[in-house]
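Chain by chain, the residues run as shown.
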Amino acid sequence: MEWLKIVTSSELVRISTDEILYILADGNYCDIMLANGTTAKMTFQLPYFEDYFK
């Protein structure tokens, strides 16, 4: 299992890549939609995630 690890100014977010359904761009933010129905809002733009998953 691979993990998406994101360090923000206030926390470390760790999300299993198997749980990610899609990532939705929202200006300077992205919403990560997860298989369990929850959403994680990140302060990164979509190109950050495109580079991460290459």
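What counts, and where the lines are drawn
- Residues numbered from 1 in each chain as written.
- Predicted model: local features only at pLDDT ≥ 70, side-chain atom pairs only at ≥ 80, totals over all residues.
- Heavy atoms only, no water.
- Helix = DSSP H or I, 4+ residues; strand = E, 2+ residues; numbered from the N terminus.
- Rg over C-alpha atoms; globule rule 2.2 N^0.38 Å.
- Buried < 20%, exposed > 50% of the residue type's maximum accessible area, 1.4 Å probe, protein only.
- Contact = heavy atoms within 4.5 Å.
- Areas by Shrake-Rupley, 256 points an atom, 1.4 Å probe, with all protein chains shown as cover.
- Lys, Arg positive; Asp, Glu negative; His and termini not counted.
- Charge placed at Lys NZ, Arg CZ, Asp CG, Glu CD.
- Polar contact = N/O pair within 3.5 Å; in protein donor to acceptor, adjacent residues only side chain to side chain.
- Salt bridge = Lys/Arg side-chain N within 4 Å of Asp/Glu carboxyl O.

## Quick look at the overall build of the chain
Counting its regular elements, the chain contains one helix and five strands. A compact globule built from 54 residues should have a C-alpha radius of gyration of about 10 Å, and the chain, at 10 Å, falls within 12% of that. Overall size of the chain, expressed as C-alpha extent along the three principal axes, is 25 × 25 × 20 Å. Expressed as a percentage of its 54 residues, the buried residues of the chain come to 28%. Taking contacts inside the chain between residues at least 6 apart in sequence as the whole, the part at least 24 apart equals 23%. Carbon and sulfur atoms provide 51% of the accessible area of the chain, an area that totals close to 3,900 Å². Side chains of the chain give 4 positive and 8 negative charges; the mean places of these two sets differ by 5 Å.

## Observations concerning the environment of glutamine 45
Looking at the element boundaries, glutamine 45 is found in the loop between β5 (39-42) and α1 (46-52). Beyond its immediate stretch of four places on either side in the chain, glutamine 45 contacts Gly27, Asn28 and Cys30. Reaching out from glutamine 45, the side chain makes a polar contact with the side chain of asparagine 28 at a distance of 2.6 Å.

## Looking at the side chain of threonine 17
Note that threonine 17 resides in the loop between β2 (12-16) and β3 (20-26). What makes threonine 17 buried here is its relative accessible area of 18%. Leave out the neighbours within four places in its chain, and threonine 17 touches Glu2, Trp3, Leu4 and Phe53.

## Looking at the pattern of salt bridges
Overall, the coordinates contain three salt bridges when judged by the stated rule. The partner of aspartate 31 in a salt bridge is lysine 41, with the nearest N and O atoms 2.8 Å apart. Of this pair, aspartate 31 sits in strand β4 (residues 29-34) while lysine 41 is found in strand β5, placing the two residues 10 residues apart along the sequence. Judged by relative accessible area, lysine 41 falls into the partly exposed class, the value being 47%.

Purely spatial values, then, with no claim about function.
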